[in-house]
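Breakdown of the fold
What follows is each chain in one-letter form.
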Amino acid sequence: MDAGNAGDGLQVADGAVLVYRLFDVADAVDLARAEALAAAPAGRLRIDRALSASAIEFPRPPLHLVLGRRELALPSGMRDVLATAHVFDYGVVSIRYTLPIEPGTPLGGLVPLAEWLLAGASASVDAAARRDADEVARALAPGLERPHRWEGHETYQVFYVRSFEGGPVRAADLLARGPIPNLLLGEASPTPLSRSERHDVLSHHASYLETDLAVVHWNSAFVLEPSGVDDIFDLLEFATAHLLELRYYDDLLDRELHQLYDQLEKGGNLVTHVLTRKFRKLQRKTAALLLELSEMIERLENAVKIVGDFYLARLYQAAVRRFRLAAWQETVLRKQKLLAEVNDLTGAAADTSRSELLEVAIILLILWEVISALR
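Residues numbered from 1 in each chain as written. Predicted model: local features only at pLDDT ≥ 70, side-chain atom pairs only at ≥ 80, totals over all residues. Heavy atoms only, no water.

1. Brief notes about the pairing of strand 7 (residues 92-100)
Remember that side chains alternate between the two faces of the sheet whenever the strand is regular. In terms of residue burial, strand 7 counts as a mostly covered element, since eight of its nine residues are buried. Bridge count for strand 1 (residues 11-24) against strand 7 is nine bridges, and the pairing is antiparallel. Residue pairing for strand 7: D24 is matched across the bridge by V92. Here strand 6 (residues 77-87) pairs with strand 7 via six bridges, running antiparallel. Residue pairing for strand 7: T84 is matched across the bridge by R96. (Buried < 20%, exposed > 50% of the residue type's maximum accessible area, 1.4 Å probe, protein only. Helix = DSSP H or I, 4+ residues; strand = E, 2+ residues; numbered from the N terminus. Pairing = 2+ DSSP bridges.)

Here it is, written out as structure tokens:
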């Protein structure tokens, strides 16, 4: 049974595909100032609700902006979507395009779209999201701290179904017979997936009631939520933003370490080490980056709290495991430690150079005194 036929009996009555593209645009964002800029009469952005769900606490809720209607070029042609943005205080702008699913669409009929989104063919969507993120960054520029334009970005898709035609569908039936693995993998091949692959995709799932379901995968998720509550989307977006920030600092640390190694390999003589500010500049730059990294880790660890809802907590932990956030954070912390050690070495090298020069100066003074006495 191919991917399309597997979902023919499950036709979507109400749902949407949520397409996320996330970009790192600054080291930090002053959200209060950004909100004032967005609320200005001459502004091109419109503020919508803040994230304030009862089960989720955001100590610094991201700014929610409505960007308006957009037309995206999809395999089926130009489609009208609603564009919104979340601006996080640690410098991430998340662009979301909401694409309604046509009522009556078989669930398996979404697999070709998933394949297109996940196979890297959706460069037009990436470009459109980059333009929207740049527009947000320009509009909020006075509220950005050390803005930058990193070429990397994160992608995520959520296939959201609020209801199926014909009435409620049990989560157990969807897991057993639905085309969810094909959908989340973007696998449109007529050859069925192996049992082990299906099991791997479906292993990170959770249900609260018999008629709701959330399956979290690396690049996409499937959510059946008849209530329409969007807490799950907010948590998945936050986890993706967390991953983007760790990737950004991992790349930044790589570049800084390479530059530091290049500076150290250039070497120099005793006099240039002491009389120039080479090591001092390196130490100041490295110390500033280490402080920035510490602040970033603290922001991420305290950015969201789940209060009393174990279902959402399980989902969030599933996303954390799927995104391998612990491994990414460990990599960043290891490189941070390495950078600190190199910083200590440069300081020790500078101190050694100063001590050696001082010893040479003392010896020369003694020689001068001896020669003067003999004369």
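2. Section: the environment of R146
Note on placement: R146 falls in strand 9 (residues 144-147). With 121 residues separating them in the primary sequence, R146 and V25 have C-alpha atoms 8.8 Å apart. The contact partners of R146, leaving out residues within four places of it in the chain, are A26 and D27. A distance of 2.6 Å separates a polar atom in the side chain of R146 from a polar atom in the side chain of D27. (Contact = heavy atoms within 4.5 Å. Polar contact = N/O pair within 3.5 Å; in protein donor to acceptor, adjacent residues only side chain to side chain.)

3. A word on a negative patch on the surface
A cluster of acidic side chains, namely D30, E145, E295 and E298, defines a negative patch on the protein surface. Looking at where D30 falls in the secondary structure, it is placed in the loop between strand 2 (26-29) and helix 2 (31-39). (Patch = residues over 30% accessible without salt bridge, like charges linked within 9 Å, V, L, I, M, F, W, Y side chains within 5 Å. Areas by Shrake-Rupley, 256 points an atom, 1.4 Å probe, with all protein chains shown as cover. Salt bridge = Lys/Arg side-chain N within 4 Å of Asp/Glu carboxyl O. Lys, Arg positive; Asp, Glu negative; His and termini not counted. Charge placed at Lys NZ, Arg CZ, Asp CG, Glu CD.)

4. Section: the confidence of the model for the protein chain
Here the protein chain averages 82 in pLDDT, while 79% of its residues score no lower than 70. Predicted confidence is poor over residues 1-7, with pLDDT under 50, and the contacts of this stretch with residues over four places away or in other chains come to 17 contacts. Low confidence marks residues 49-53, where pLDDT is under 50. Its contacts with residues over four positions away, or in another chain, come to nine contacts. (pLDDT = per-residue confidence, 0-100.)

5. Quick notes on the packing of aromatic side chains
Counting across every chain of the model gives eight aromatic pairs. Judged by centre distance (5.5 Å) and plane angle (25°), the ring pair of F88 and Y90 falls under stacked. Judged on exposure class, the residue F88 and its partner Y90 are both buried. Measuring from ring centre to ring centre gives 5.8 Å for Y208 and Y311, while their planes differ by 45°; the resulting arrangement is tilted. With a gap of 103 residues between them, Y208 in the loop between strand 11 (205-206) and strand 12 (213-216) and Y311 in helix 11 (residues 310-322) connect regions that are remote in the sequence. (Phe/Tyr/Trp six-rings, centres within 6.5 Å; stacked < 30°, edge-to-face > 60°.)

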